[in-house]
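Spelled out, the chains give:
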Amino acid sequence: MSASVGEAGQLVGSAIPGGSWTLAPHENWLGHDALYSVPTDEPHPLMAFVAAQRGLGVSVEELFRSWGTEMTDGPMLTESTLEFPGRFRAGVEYRVTGSVESVVRKSGRTMGVFDLLTACFELHEANGEVVAVVRNVYALPRPVEEQP
């Protein structure tokens, strides 16, 4: 399945299913250790990326499929930014929400036709406060559309 230029543009504003996730204290320690960081009670910032992925409400494969790309097509994460308007902590259940912010059709010598899709994920505390924003840009390969 592939998305045409029009279908890809229709993804803008679409919600990502969402769910919830808690960074367990032992996972916090493991995250620090894996990233060569001195373990502290405060999670390594990269764990917000993990929280966004784990709290999607769907698998990454299902997410890409909803965007018209199969894992076998070779989607790639091309950029990720993390913002922390609140205090991200271990042991707190966060609600994860997300949406597609933009889709830009591109073409390249190596990848051929692809879409750069920007998705924004937010981690919310129980009171609704956003504590972390994860913005990912994905390159989604698209087969060349057949000419009429």
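Residues numbered from 1 in each chain as written. Predicted model: local features only at pLDDT ≥ 70, side-chain atom pairs only at ≥ 80, totals over all residues. Heavy atoms only, no water.

Q: Sorry if this is basic, but what is going on with the environment of L30 here?
A: Along the chain, L30 falls in helix α2 (residues 25-34). The exposure class of L30 is partly exposed, given its relative accessible area of 46%. The sequence separation of L30 and P43 amounts to 13 residues, and the corresponding C-alpha distance is 10.0 Å. (Helix = DSSP H or I, 4+ residues; strand = E, 2+ residues; numbered from the N terminus. Buried < 20%, exposed > 50% of the residue type's maximum accessible area, 1.4 Å probe, protein only.)

Q: I tried to follow the side chain of H124 on my own but got confused; where do I start?
A: Relative to the assigned elements, H124 resides in strand β4 (residues 112-124). Reaching out from H124, the side chain makes a polar contact with the side chain of T97 at a distance of 2.8 Å. There is a polar contact of 3.4 Å between the side chain of H124 and the backbone oxygen of G128. With sequence-adjacent residues up to four places away left out, H124 is seen in contact with E93, Y94, R95, T97, E129 and V130. (Polar contact = N/O pair within 3.5 Å; in protein donor to acceptor, adjacent residues only side chain to side chain. Contact = heavy atoms within 4.5 Å.)

Q: What is the right way to look at the side chain of E125 in this model?
A: Tracing the backbone through its elements, the reader meets E125 in the loop between β4 and β5 (130-141). For E125, a relative accessible area of 13% translates into the label buried. Those residues within four positions of E125 in sequence are excluded, and the remaining contacts are R87, R89, Y94 and V131.

Nothing here speaks to function; it is geometry throughout.
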